[in-house]
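# Tertiary structure, described
Now for the letters of each chain:
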Amino acid sequence: MSKKIFIFTTGRTGSVTLYNFFKSNLNVLALHEGTNRNLGINLTDFKNFNKKIFYDKGFKIDNKYNLDPDSVQYLLKLYKSREQLFEKHQDKIIVDINPYQYLLSKFLLKKYPKATFVLLIRNGLDVVNSYHQRDKTTYPNISENEYKGWASGKPRPLHDDIHLKNWRTYDRVQKISWFWSYINSNLYKSLNTSSNFSILKTENLPSIKNVVKSYKDYDFSILDKRHNKAKRNTDIWTKEAITTFNKIAGDTMQSFGYDLTA
């Protein structure tokens, strides 16, 4: 198994549960959003970098998910603290789970070509349902110019994205549906180029054993958490909302083997 495992995800997918699972093994240095509470580690979580791309327009990304040279140089400096941490703990397996590092897939593939890369994905309806409850941090109903913190870490359509034209008229369900589809489809396109890439579904978290390839020293009981049994909010998922979700994210849902709800 690779000494480094990078897990990409949208968030609201059981990533904290997975972090706690890896943390149960003393031979693993696990990070979630750049944090390991046990060791007092708190590294940058890349929200500000995402803000520079999508809202400040300080850096650029093309429609093939490639960062411009200035962005890459910025990341090299930003990533220095992680490199130093990895070197300090080179005797351990490094597991970095970060819902905000979705723009770093190609950067990390190039930097650590022998690492293991995982896309952690959950049924889009459940992710939208969960994020919709976070009305102050996930596409809040305020001007995008006022986005700060967690809200500014979420992407928005750029370039020739067909959703850009009507983005300002989208409600929160539509925006989160686009977010789920955009992140997962682009991560798959970039990560699938690695021979060490795999997909892990929230609905089957115990299959992480295929990544760790070992039962030893891990507490698998941690993976049996209630998020796998969470009920969807029927107030959100009207027939109209489901139809809209299917139009925005239906193709991506089916590409990952999820059935569409009529």
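Preceding block: the structure.
First, a word on what this report is: a plain description of the structure on this page. Since this is a predicted model, take the numbers as computed values, not measurements.

## Topic: the pattern of salt bridges
This model, assessed by the stated rule, comprises five salt bridges. The salt bridge involving Asp45 is made with Lys47; its shortest N-O contact spans 2.4 Å. Taking the relative accessible area as the measure of exposure, Asp45 reaches 16% and is therefore buried. Of the charged contacts in the structure, one is a salt bridge between Arg156 and Glu144, with a shortest N-O distance of 2.8 Å. Here Arg156, found in the loop between helix H6 (124–132) and helix H7 (172–191), pairs with Glu144, found in the loop between H6 and H7; they are twelve residues apart in sequence, far enough to count as distant. Given the relative accessible area of 10%, Arg156 is considered buried. The class of Glu144 is buried, set by a relative accessible area of 14%.

## Some details on the layout of surface pockets
For the second largest pocket, the calculated volume is near 490 Å³. Considering the residues around the second largest pocket, the lining is formed by 22 residues, among which Asp161, Trp178, Tyr182, Ser185 and Asn186 are closest to the centre. Only H7 and helix H9 (239–255) provide two or more residues apiece to the lining of the second largest pocket. A class-by-class count of the residues in the lining of the second largest pocket yields eight nonpolar, eight polar and six charged.

## Some details on the packing of helix H3 (residues 69–78) against helix H4 (residues 80–88)
As a packed pair, H3 and H4 sit with axes 4 Å apart at the nearest point and diverge in direction by 40°. Classified by the interaxial angle, the pair formed by H3 and H4 is oblique. Residues Leu76, Lys77 and Leu78 of H3 lie in contact with H4, whose contacting residues are Lys80, Ser81 and Glu83. Partitioned by chemical class, the residues of the contact of H3 with H4 number two nonpolar, one polar and three charged.

## A word on the packing of aromatic side chains
A full pass over the atoms with the stated rule returns 31 aromatic pairs. Measuring from centroid to centroid gives 5.5 Å for Tyr55 and Tyr147, while their planes differ by 65°, and the two rings are edge-to-face. With Tyr55 in the loop between helix H2 (47–54) and H3 and Tyr147 in the loop between H6 and H7, this residue pair connects regions lying 92 residues apart in the sequence. Of the two residues, Tyr55 and Tyr147, both sit in the buried class. Each ring, one from Trp178 and one from Tyr182, has its centre 4.7 Å from the other, and the planes form 20°; the classification is stacked. One end of the pair is Trp178 and the other is Tyr182, both in helix H7 and four residues apart, which spans about a single turn. Judged by its relative accessible area of 3%, Trp178 falls in the buried class. Tyr182 gets classed as buried once you look at its relative accessible area, which sits at 14%. These aromatic residues form a ring-pair network of at least three members: Phe54, Tyr65, Tyr102, Tyr131, Tyr139, Trp167, Tyr170, Trp178, Phe179 and Tyr182.

## Brief notes about the environment of Asp135
Inspection of the secondary structure puts Asp135 in the loop between H6 and H7. Exposure remark for Asp135: the relative accessible area of 46% places this residue in the partly exposed category. Considering only alpha carbons, one finds Asp135 and Ala115, 20 residues apart in sequence, at a separation of 36 Å. Excluding residues that lie within four positions of it along the chain, Asp135 makes contacts with Pro140 and Arg172.

Criteria and thresholds
- Residues numbered from 1 in each chain as written.
- Predicted model: local features only at pLDDT ≥ 70, side-chain atom pairs only at ≥ 80, totals over all residues.
- Heavy atoms only, no water.
- Salt bridge = Lys/Arg side-chain N within 4 Å of Asp/Glu carboxyl O.
- Buried < 20%, exposed > 50% of the residue type's maximum accessible area, 1.4 Å probe, protein only.
- Helix = DSSP H or I, 4+ residues; strand = E, 2+ residues; numbered from the N terminus.
- 1 Å grid on protein atoms, 1.4 Å probe; cavity = no way out; pocket = protein on both sides within 12 Å on 5 of 7 lines; lining within 4 Å.
- Points joined across faces, edges and corners; volume = space filled by probe spheres on them.
- Nonpolar A, V, L, I, M, F, W, Y, C, P; charged D, E, K, R; others polar.
- Axes fitted to C-alpha atoms, helices over the stretch in contact; angles between N-to-C directions.
- Parallel < 35°, antiparallel > 145°, perpendicular 65-115°, else oblique.
- Contact = heavy atoms within 4.5 Å.
- Phe/Tyr/Trp six-rings, centres within 6.5 Å; stacked < 30°, edge-to-face > 60°.

By themselves these figures say nothing about function.
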